[in-house]
Amino acid sequence: MMPITDFLSCTHVFDEFESLSSAQCHHAKTYATGLVAASNKTVAGIAREVLPAGDKRALNKFLTEYDWDEQQFNHERLEELQKHGETRWSKDGYIILDDTITEKAGDEVPGVGHFYDHAEGDTVWGQDLIYAFYADDKTAYPLTFRLYEKQDEDDQNHDTKYDLAREIVTELEDEVGVPADTYLFDSWFAHDSGLPERIESYDKDWIGPLRSNRQVTYAGEEIRVDALAERIDTVERNVEDETYHIWTKKLPVSQLGDVKLVLAEKETDEEDEENPVKYLATNKIDAPTEHIIRSYGMRWRIETFFEDSKQDLGLGDCEMQTDEGASRHWHLLMAAYSLVRLDPESSALGTVRSKASSLRANLEHSLKEAVYNLLSWVRDNDDRSVDDLMEDIDHLFVHSTADANVQS
């Protein structure tokens with residue numbers, strides 16, 4: 001474990017955020033720095049490892065009691081990203097809607113329940129977060145999120161996942177103003193006819209796969225979409241250096257009306273896993289088939305965000321037991337994920353890193369900066385003995401040993 005003696009340079013943009021007071025800005029920098037560079041990404045771990053933090057109590061109050069608007073904070077984060085060419089969004093970008101499950105052990109955190117996790121292939125006890133994510137050929141970052149909470153079946157007034165997805169679209173279009181023309185989502189969200197309708201109300205396009213049992217009208221007969229395979233002939237085409245067997249036609253689909261339907265099966269080697277047919281539907285009736293397939297391939301960017309954030313930024317480490325505390329943890333995580341990708345105008349290292357698409361590469365740069373800060377801190381305290389300096393960081397190792405003993 002390495003003591004973190006200064007805030008990462010990417011967090012300095014918080015100084016310009018009107019949503020934060022001076023003291024709150026200090027805590028925001030602490031938390032974001034901890035999410036990126038600390039080994040323990042809980043409040044206690046961050047307060048212990050980031051030396052400028054102060055104490056755990058103050059950081060915890062920042063997340064649960066202080067008066068600051070995390071939605072305004074999030075909008076300011078997105079505004080900051082538009083000031084930099086490498087993260088500026090565009091009309092040609094995509095907004096991706098998807099959800100992810102974070103497993104939990106206890107039952108005192110907000111929204112916890114039993115959810116089916118496709119990544120695990122099983123039902124798990126955890127939280128279900130619905131995210132909107134921006135992606136284009138040069139950048140990718142989260143836009144906003146909603147926590148889905150299961151309710152009793154008799155409760156007709158609670159928000160469904162569909163409700164939350166439509167609410168996200170309204171926020172992005174009416175409040176944030178993301179210019180991206182196309183929304184991407186999976187078959188679960190495509191099952192809700194109200195979501196494509198909400199997207200189309202803003203003159204935007206959408207692409208989403210259909211479940212295999214979705215009803216389509218073909219040759220005057222209503223059949224399951226997977227039954228089309230017996231009645232059609234596919235054409236071999238090359239898309240993004242991959243070979244696909246493709247068939248496409250404008251057809252009526254249940255709940256969606258007339259859409260462009262694309263059946264696409266990627267050709268794979270025999271030893272590879274079976275690659276099931278994709279039944280892609282879109283309101284982009286006149287778009288080339290290759291464009292539809294290539295566009296839908298951008299969905300993997302949000303899966304990378306989920307994986308990276310869980311492994312490296314503490315997405316699943318939130319220990320907050322209040323709605324507000326949990327929400328602020330997730331908003332600060334989105335800020336850390338976004339800002340660590342920016343090239344600081346003048347980093348502590350005085351260098352500009354390469355435009356790497358991998359978050360791990362971005363984190364390595366930040367960790368090098370933390371090491372540099374530690375060495376600078378030691379150098380700048382040349383009037384103090386080594387024993388005096390070690391006293392400042394000794395509590396890190398004392399508490400780490402205690403934590404290890406508790407866990408064992």
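You'll find the structure just up there.
By convention here, each chain's residues receive numbers from 1 onward along its written sequence. Predicted model: local features are reported for residues with pLDDT of at least 70 only, side-chain atom pairs are reported and counted for 80 or more only, and whole-chain, interface and lining totals are derived from all residues. The basis for every side-chain value is the complete set of non-hydrogen atoms in the structure, without hydrogens or water.

Draft legend 1. Seen up close, the overall build of the protein chain. For helices the rule is a DSSP run of H or I covering at least 4 residues; for strands it is a run of E covering at least 2, with both sets numbered from the N terminus onward. Per the secondary structure count, the protein chain includes 12 helices and 12 strands. Note on exposure labels: buried denotes an accessible area under 20% of the residue type's maximum, exposed denotes more than 50%, and partly exposed covers the range between, all computed with a 1.4 Å probe on protein chains only. Counting all 408 residues of the protein chain, 51% fall into the buried class. Residue contacts are counted whenever heavy atoms from the two residues lie within 4.5 Å of one another. For the protein chain, the share of sequence-separated contacts (at least 6 apart) that also reach a separation of at least 24 residues comes to 62%. We get accessible surface area from the Shrake-Rupley algorithm with a probe of 1.4 Å; when it comes to residues, only the shown protein chains can shield them. As displayed, the protein chain offers around 19,700 Å² of accessible surface, 43% of which is attributable to carbon and sulfur atoms.

Draft legend 2. Representation of the pattern of salt bridges. We define a salt bridge as a side-chain nitrogen of Lys or Arg found within 4 Å of a carboxyl oxygen belonging to Asp or Glu. In total, this model carries 18 salt bridges according to the counting rule given. For the salt bridge of D181 with K91, the shortest nitrogen-to-oxygen distance reads 3.1 Å. Here D181, found in the loop between α5 (161-176) and β5 (182-185), pairs with K91, found in the loop between α4 (70-81) and β1 (94-103); they are 90 residues apart in sequence, far enough to count as distant. D181 gets classed as partly exposed once you look at its relative accessible area, which sits at 22%. You can call K91 exposed: its relative accessible area is 54%. Its salt-bridge partner being D128, residue K161 comes within 2.9 Å of it at the nearest N-O pair. Of this pair, K161 sits in helix α5 while D128 sits in strand β3 (residues 122-135), and the two are 33 residues apart along the sequence. When sorted by exposure, K161 lands in the same class as D128, which is buried. Within this structure, E70, E324 and R328 form a network of salt bridges that share partners.

Draft legend 3. Up close: the pairing of strand β4 (residues 140-148). Of all nine residues in β4, nine are buried, a share of seventy percent or more. Between any two strands, pairing holds if DSSP finds at least two bridges. As paired strands, β3 and β4 are joined by eight bridges and run antiparallel to one another. Considered in β4, the bridge of A132 is made with T144. The antiparallel pairing of β3 with β4 creates a hairpin that spans four residues between the two strands.

Draft legend 4. Inspection of unusual backbone geometry at higher detail. The backbone phi angle of A219 is positive, close to 55°, even though this residue is not glycine. Considering the arrangement of structural elements, one finds A219 in the loop between β7 (215-218) and β8 (221-224). When its relative accessible area of 72% is taken as the criterion, A219 is described as exposed.

Draft legend 5. Up close: the packing of helix α3 (residues 56-64) against helix α10 (residues 323-339). Convention adopted: a line fitted to C-alpha atoms gives each axis, helices being fitted over their contacting stretch, and angles between N-to-C directions are expressed from 0 to 180 degrees. Relative orientation of the contacting elements α3 and α10 amounts to 100°, with a least axis distance of 7 Å. Considering their axes alone, α3 and α10 lie roughly perpendicular with respect to each other. Residues F62, L63 and T64 of α3 touch α10, and the partners they reach there are E324, G325, R328, H329 and L332. Each residue is assigned to one class: nonpolar for Ala, Val, Leu, Ile, Met, Phe, Trp, Tyr, Cys and Pro, charged for Asp, Glu, Lys and Arg, and polar for all the others, Gly among them. Here the contact of α3 with α10 is built from residues that sort into three nonpolar, three polar and two charged. In these notes the angle categories are as follows: under 35 degrees is roughly parallel, over 145 is roughly antiparallel, 65 to 115 is roughly perpendicular, and the rest is oblique.

Draft legend 6. Up close: the nonpolar core. Residues F14, Y131, L143 and L228 are the most contacted members of the largest nonpolar core, which totals 111 residues. Per-element accounting of this core gives the leading share, nine residues, to α10. Sequence-distant contacts of L228, defined by excluding residues within four places in its chain, comprise V216, Y218, I223, W247, L251, L261 and L263. To define a nonpolar core, start from buried Ala, Val, Leu, Ile, Met, Phe, Trp, Tyr and Cys residues and group those joined through side-chain atoms within 4.5 Å.

Draft legend 7. Representation of the packing of aromatic side chains. For Phe, Tyr and Trp, where Trp contributes only its six-membered ring, two rings pair if their centres lie within 6.5 Å, and the inter-plane angle classes them as stacked under 30 degrees, edge-to-face over 60, or tilted in between. Taken as a whole and assessed by the stated rule, the structure comprises 20 aromatic pairs. Ring geometry for F305 versus F306: centroids 5.6 Å apart, planes at 45°, classification tilted. Each member of the pair, F305 as well as F306, is classed as buried. Through a chain of ring-to-ring contacts, the aromatic side chains of Y131, F133, F145, F305, F306, W330 and Y337 assemble into a single cluster.

Draft legend 8. The arrangement of the pairing of β3 in detail. Burial within β3 is extensive, with 11 of its 14 residues counted as buried. Here five bridges tie strand β2 (residues 113-117) to β3, and the two strands are oriented antiparallel to one another. When the sheet's bridge partners are listed, F115 is paired in β3 with V124. Hairpin connection, β2 to β3: the antiparallel pair is bridged by four residues, and G121 has positive phi, about 70°.

Draft legend 9. The side chain of N74, seen in detail. Within the fold, N74 resides in helix α4. Its relative accessible area of 1% is what places N74 among the buried residues. Discounting residues that sit within four places of it in the chain, N74 has contacts with L143, T144, H331 and M334.

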